[in-house]
Amino acid sequence: MTDVDLEYARVRAVLDRPTLRLMSRPTSGVVLAVFRTVFDRDVQYVPADRMHLQVEEHVTRLQATGARVPASEQPAPQAQAQAQAPDENRPNGRALCREWVTAQWLVRSNSPDGDEQYSLTSHALEALSLVDALSSDRALISESRLAMIVDAVHRWAARAEPDPAVQIRRLDAQIAELQAERDRLASGDEPAVVDADRMRDGYTNITDLIRQLPSDFKRVEEAVASMHRAIVEDFRNEVRPIGEILDDYLARTDTLMEATPEGRAFEGAFELLRDDALLLRLRDDIATILEHPFAAGLTAAERRTFRNTVSILRQGIEDVLAQRRLLTGTLRDQIVAHDVVRDRELDAVLRSVNRRLAALMDGGGARDRVPLELLPPVAEVGTLRERFYDPDTEAVPPLIEEPDDDVFEELDVESLRRHGGPLLAELRTVLRSGTAESSDRAFHGLPPEHRRPVELFGLAHLLTGRPDFETAAATVPHHTVRPDGTAVTFTMPTADLAPPVPSGDDDDTLEAR
């Protein structure tokens, strides 16, 4: 082959990639606009039902404006119904998403809750990144971009230098330069101020690199998923002894991320990005850049995207590690549950079915029919015993014990009154008798069974309303006797009973006349 043939083959291989196929279609503008609208920078996964509705709505809106939209094949019943409807050209969101999955622009997977969801592939993310880069106003050659290239080359040249003396001279030069700058600032000189145009140029170069991160992480994730499928397929087709299978696949698991260029690149980046101090410094540097006066001209979306750089890095790392954990778990399940004998028996049955089907196709005509049941017949299984014999279920319950009527002592009215409330009738009688000069003496003149502690509450109730009782400054001891014979002394105010206590119609209180 000549040079032009080789170059043509290489170019055709590049043009056949899903990224360029997405951008070279006449309807690529509509597809990319839908992807950018549905998958915002903060949205990576969209539920399947919501995705179908949003795609159908956005494509219909763009179709109404005159844009050329992709055509989708409708199912037969739906196509017939739409033929009768006024809007017969309305797109089908489900069919479009299915076509985009086949074209490797979308990935349909299951969420942790088991629901179906869509996400963009690395090819779609790369196309969106290219559109964003071409749509932004930037200079192809600038001071910040050249300085970035020069600094990167100088840094890696220092790491590649094998001579220790040369490395020492490089470090001494850097130390001297930094020390001179520190001395200048310490002496009171103003720091070098970068104008807004140069800061804007540096910010543009940084955002160009950040814009490529999602597609880079997605490419690593897809490489791990592809390796996942290849390893599982190889594992199912193995015919070697189980010991060799275990040794081989355990070794491949240990070198999982080193088997592909994307995996090796991710391992190197992961060693750098798992440094929390480095990510914290990156977050502080981003905040410092956004505090520069040039950032006042940035939109809210640009500021939010630039501030979420650390989140993009963390989310990309987590997605790749989740895919790797899935691969490791699948390999473990395959190693534990793989049965070579059963797989061989299944293969033999399937091959016999294919041979029988081929024989029927060779001997049958175009209109011959073979009775085929969609579902197998129901197995006739008798009712199995659900419970075993338990002697306790047939045992006679114990006899009910007769209650003992002698448990409680007999109670009479006098016993209940002795343990009840105050005896107001007896207290009222002794207070109205006039035989005592004060209420405490009248109380002490009662028999012991009428001087219980609870009688003091009745005495206070009957004396309520007497000024000398309610405003008394001193208290007098009242000796009481409990029903069990124990003597208890309480202090409370007393009232003067020298004047005769007139009888009134009120049976509850003694009013002062």
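Below, the discussion takes up the overall build of the protein. Counting its regular elements, the protein contains 22 helices and five strands. For the protein, the exposed area adds up to about 35,600 Å²; of that, 56% sits on carbon and sulfur atoms.

Time to look at the side chain of Arg451. Its place among the elements puts Arg451 in the loop between helix H20 (439-444) and helix H21 (455-462). Buried charged residue Arg451 carries no salt bridge. Nearest counter-charge: Glu449, at 7.9 Å. In contact with Arg451, other than residues within four places in its own chain, are Phe443, His444, Leu446, His479, Thr480 and Val481.

The subject of this paragraph is the pairing of strand E2 (residues 106-110). Sheet topology places E2 next to strand E3 (residues 116-120); five bridges connect them, and they run antiparallel. Looking at the pairing, Asn110 lines up with Glu116 of E3. Adjacent in sequence and paired antiparallel, E2 and E3 are bridged by five residues, among which Gly114 carries a positive phi angle near 95°.

On to the pattern of salt bridges. Pairs can form between side chains of opposite charge whenever their charged atoms are close. Applying the stated criterion to the full structure yields six salt bridges. Here Glu116 and Arg108 are joined by a salt bridge, their closest N and O atoms 2.1 Å apart. Exposure remark for Glu116: the relative accessible area of 38% places this residue in the partly exposed category. Given the relative accessible area of 37%, Arg108 is considered partly exposed.

Let's shift gears to unusual backbone geometry. Positive phi, normally seen in glycine, also occurs at Gln104, with a value near 65°. Mapped onto the secondary structure, Gln104 falls in the loop between helix H6 (93-102) and E2. Note on Gln104: relative accessible area 41%, which makes it partly exposed.

Before going further, it helps to spend a moment on the sheet that holds strand E1 (residues 46-47). Judged by pairing direction, the sheet is antiparallel, and its three strands sit side by side in the order E1-E3-E2 without closing on themselves. Two strands lie at the open edges of the sheet, namely E1 and E2, each paired on one side alone. Relative to E3, E1 runs antiparallel, the two being bridged by two bridges. Across the sheet, Val46 pairs through a bridge with Tyr118, a residue of E3.

A word on the confidence of the model for the protein. With 78% of its residues at a pLDDT of at least 70, the protein reaches an overall mean of 77. Of the regions scoring below 50 in pLDDT, residues 73-86 engages in 13 contacts with residues more than four places distant in sequence or in other chains. Counted against residues more than four places away or in other chains, residues 500-513, with its pLDDT under 50, gives 23 contacts.

A few words now on the nonpolar core. Formed by 26 residues in total, the largest nonpolar core has its most connected members in Phe35, Met51, Trp100 and Leu106. Elements with a contribution of two residues or more to this core: helix H3 (28-38), helix H4 (48-64), H6, E3 and helix H7 (122-135). Looking at which element gives the most residues to this core, the answer is H3, with six residues. If we skip the residues at most four places from it in the chain, Met51 touches Val38, Phe39, Val46, Cys97, Leu106 and Tyr118.

At a closest axis distance of 8 Å, the pairing of H4 and H6 adopts a crossing angle of 100°. Classified by the angle between their axes, H4 and H6 sit roughly perpendicular to one another. Where H4 approaches H6, its residues Met51, His52, Val55, Glu56 and Val59 are matched on the opposing element by Gly93, Arg94, Leu96, Cys97 and Trp100. For the contact of H4 with H6, the residue count by class is six nonpolar, two polar and two charged.

Where H3 meets H7, the closest approach of the two axes is 11 Å, and the angle between their N-to-C directions is 95°. Relative to H7, H3 is oriented roughly perpendicular. Taken together, the residues of H7 that come into contact with H3 (itself represented by Leu32, Phe35 and Arg36) are Ala124, Ala127, Leu128, Val131 and Asp132. Across the contact of H3 with H7, the residue classes break down as six nonpolar, no polar and two charged.

To continue, consider the side chain of Asp440. Within the secondary structure, Asp440 sits in helix H20. It turns out Asp440 is buried and unbridged, and the closest side chain with the opposite charge, Arg441, is 5.3 Å from it. Non-local contacts of Asp440, meaning those with residues more than four positions away in its chain, are made with Val476, His478 and Thr494.

Reading guide: rules and limits
- Residues numbered from 1 in each chain as written.
- Predicted model: local features only at pLDDT ≥ 70, side-chain atom pairs only at ≥ 80, totals over all residues.
- Heavy atoms only, no water.
- Helix = DSSP H or I, 4+ residues; strand = E, 2+ residues; numbered from the N terminus.
- Areas by Shrake-Rupley, 256 points an atom, 1.4 Å probe, with all protein chains shown as cover.
- Buried < 20%, exposed > 50% of the residue type's maximum accessible area, 1.4 Å probe, protein only.
- Lys, Arg positive; Asp, Glu negative; His and termini not counted.
- Salt bridge = Lys/Arg side-chain N within 4 Å of Asp/Glu carboxyl O.
- Contact = heavy atoms within 4.5 Å.
- Pairing = 2+ DSSP bridges.
- pLDDT = per-residue confidence, 0-100.
- Core = buried A, V, L, I, M, F, W, Y, C linked by side-chain atoms within 4.5 Å.
- Axes fitted to C-alpha atoms, helices over the stretch in contact; angles between N-to-C directions.
- Parallel < 35°, antiparallel > 145°, perpendicular 65-115°, else oblique.
- Nonpolar A, V, L, I, M, F, W, Y, C, P; charged D, E, K, R; others polar.

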